[in-house]
Amino acid sequence: MKQSVICLILAIFFVPMLVSAGQSCGLVARPVRGGGLSSSVVGPFRTFVSTVKEGRRHLAAAAVARAVSIFAMYPVDTIKTRIQMGQANAFSVNGLYKGVGGSLVGQTPYGVLTFGSYELYKGALLSKFPDVKPYFLYAVAAVLGDITGSGWLCPSEVVKQQLQAGMYESTGEAVRAIWAKKGLKGFYQGYTGGLARDVPFRVAQLTSYEIAKSFYQRVKKNRNDEKLELSPIETAFCGAVAGTFSSAITCPLDRIKTLLMTDSAAYGGSVASCISKIWMDEGLSGFCQGLVPRVAYIAPSAVIFFIAYEQVQQRMK
């Protein structure tokens with residue numbers, strides 16, 4: 001029953017995106033002109049549902065790993081948000097876990113959608129284009145995976161960051177206030193900024209992790225080690241490399257996303273206007289605000305995530 005519910009939720013959210021992406025690279029057939037679908041469309045849909053069922057360990061691993069890593073590192077994320085907003089009491093212990101419930105509601109399904117679909121995209125692309133360098137295909141799969149999850153993530157990020165900034169006292173109050181002020185659009189303020197940050201971040205994170213993981217597996221193979229799966233310590237190293245690298249290079253994009261989600265009107269409501277205002281008011285250093293807390297948050301978070309992700313997958317085989 002649980003597996004059926006998971007498949008239904010995933011189908012609702014990213015079947016259209018998967019089909020669209022698949023059509024563009026020849027993985028899924030297009031509708032027949034004149035109405036109706038060709039018989040070749042039925043096959044890919046059945047294959048998709050079958051793939052989701054077979055990939056349930058990827059989905060379960062992503063859910064567990066995302067929930068554990070978000071909860072463990074949430075206080076550091078709160079401090080990072082306060083610093084980026086220029087608040088004087090950034091390190092206050094009060095409210096460090098404010099909004100964590102709403103964040104888990106948003107982040108856990110987002111992790112399932114993003115990392116679960118990443119594995120599906122990666123497998124399909126590697127099978128379809130065996131002659132293309134795998135690292136390029138990892139990057140493409142990461143882009144598609146993050147776009148798949150972005151529609152779910154943005155509303156929870158808006159609520160979470162406004163709670164972290166102390167603008168509201170509870171998730172319910174934040175949701176009601178945002179809806180009253182801007183309606184549905186209010187939950188997607190900063191969406192382009194978030195996407196501009198998350199897509200490069202996910203590409204950097206997953207590609208660097210896959211490279212580090214492949215390096216370890218090659219070393220093990222050269223040593224004639226029968227067990228190519230990574231140990232928790234090896235996974236921790238790969239996760240630390242991926243988390244540190246990806247969080248550092250995307251810090252300016254994270255600052256832009258934070259400002260657009262918490263005070264969109266003051267920063268012009270667009271990525272371009274926000275960049276211009278930061279440059280005029282603060283100069284180059286303005287784009288690096290929150291760099292240390294961001295790395296301190298994401299690097300350990302990536303370690304926790306990938307250890308949980310790999311261990312759950314290995315135990316579900």
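Refer to the preceding data block for the structure.
My aim in this report is to walk through the structure given alongside it, one point at a time. Residue numbers here run from 1 along each chain, matching the order of that chain's written sequence. The model is predicted, so local features are restricted to residues of pLDDT at least 70 and side-chain atom pairs to those at 80 or more, both for listing and for counting; the totals for chains, interfaces and linings are taken over all residues. Note that the side-chain values use all heavy atoms of the structure and ignore hydrogens as well as water.

## Description of the packing of aromatic side chains
Then, in step 1: The aromatic pairing rule takes the rings of Phe, Tyr and Trp, using the six-membered ring of Trp, and pairs them if the centres are within 6.5 Å, calling planes under 30 degrees apart stacked, those over 60 edge-to-face and the rest tilted. Within this structure, the stated rule accounts for 11 aromatic pairs.
Then, in step 2: Taken together, a centroid distance of 6.1 Å and an interplanar angle of 65° make the contact between Tyr188 and Tyr191 edge-to-face.
Then, in step 3: A simple rule labels every residue: compare its accessible area, found with a 1.4 Å probe on the protein chains alone, to the largest value its type can have, and call it buried under 20%, exposed over 50%, or partly exposed in between. Residue classification places Tyr188 among the partly exposed residues on the basis of a relative accessible area of 32%.
Then, in step 4: Judged by its relative accessible area of 27%, Tyr191 is partly exposed.
Then, in step 5: Among the aromatic side chains, those forming a connected cluster through ring pairs are Phe115, Tyr209, Phe305, Phe306 and Tyr309.
Then, in step 6: Between the NZ or CZ atom of Lys277 and the centre of the ring of Tyr267, over which it lies, the distance is 5.7 Å. Both a distance and an angle decide whether a charge sits over a ring: NZ of Lys or CZ of Arg must be within 6 Å of the ring centre and within 35 degrees of the ring normal.

## Some words on helix α3 (residues 56–84)
Helical geometry note: an α-helix holds 3.6 residues per turn, so side chains three or four residues apart project in the same direction.
Then, in step 1: Most pronounced at Tyr74, the bend in α3 amounts to some 60°, and the proline Pro75 follows within four residues.
Then, in step 2: Runs of E in the DSSP output that reach at least two residues are strands. Runs of H or I that reach at least four are helices, and both are numbered from the N terminus. Trailing α3 by a residue or two, Gly86 shows a phi angle of about 75°, which is positive. To get the bend at a given residue, fit one axis to the seven residues ending there, fit another to the seven starting there, and take the angle between those axes.

## Observations concerning empty space enclosed by the protein
Then, in step 1: Lining residues are defined by having an atom within 4 Å of a point belonging to a cavity or pocket. Those points lie on a 1 Å grid over the protein atoms alone, cavities being sets where a 1.4 Å probe fits but cannot get out and pockets being open sets with protein on both sides within 12 Å along at least five of seven lines. Grid points are joined across faces, edges and corners, and a volume is the space filled by probe spheres set on the points. Counted by the stated rule, this structure contains two cavities of 30 Å³ or more.
Then, in step 2: For the largest cavity, the calculated volume is near 300 Å³.
Then, in step 3: Among the elements of the structure, α3, α4 (100–128), α5 (134–164), α7 (191–222), α9 (251–262) and α11 (291–316) are those that each provide at least two residues to the lining of the largest cavity.
Then, in step 4: Broken down by element, the residue count for the lining of the largest cavity peaks at six residues, all from α11.
Then, in step 5: When its residues are assigned to classes, the lining of the largest cavity shows nine nonpolar, four polar and 11 charged.
Then, in step 6: Approximately 80 Å³ is the volume found for the second largest cavity.
Then, in step 7: Forming the boundary of the second largest cavity are Asp146, Ser150, Leu153, Cys154, Glu157, Tyr191, Gly194, Leu195, Arg197, Asp198, Lys257 and Met261.
Then, in step 8: Lys, Arg, Asp and Glu make up the charged group, whereas Ala, Val, Leu, Ile, Met, Phe, Trp, Tyr, Cys and Pro make up the nonpolar group; the residues left over, Gly among them, are polar. Considering only residue class, the lining of the second largest cavity consists of five nonpolar, two polar and five charged.

## Points about the layout of surface pockets
Then, in step 1: There is about 280 Å³ of room inside the second largest pocket.
Then, in step 2: Along its surface, the second largest pocket is lined by 20 residues, and His58, Glu119, Lys213, Glu310 and Gln313 are the ones closest to its centre.
Then, in step 3: Within the lining of the second largest pocket, the residues separate by chemical class into eight nonpolar, four polar and eight charged.

## Brief notes about the environment of Ser156
Then, in step 1: By the element assignment, Ser156 lies in helix α5.
Then, in step 2: Each C-alpha atom of the pair Ser156 and Leu104 lies 8.6 Å from the other, and the pair is 52 residues apart in sequence.

## Comments concerning the nonpolar core
Then, in step 1: What is meant by a nonpolar core is a set of buried Ala, Val, Leu, Ile, Met, Phe, Trp, Tyr and Cys residues, joined one to another through side-chain atoms within 4.5 Å. In terms of nonpolar packing, the biggest core is built from 23 residues, with Phe115, Tyr118, Leu206, Tyr209, Phe305, Phe306 and Tyr309 touching the most fellow members.
Then, in step 2: Mapped onto this core, the elements with two or more residues apiece are α3, α4, α5, α7, α8 (232–249) and α11.
Then, in step 3: Here this core gets six residues from one element, more than from any other, and that element is α11.
Then, in step 4: Apart from residues lying up to four places away in sequence, Leu206 is in contact with Phe115, Tyr118, Ala142 and Phe306.
Then, in step 5: In this structure, Tyr168, Ala174, Phe187 and Met261 belong to the second largest nonpolar core, which totals 10 residues. Every residue pair with non-hydrogen atoms within 4.5 Å of one another is taken to be in contact.

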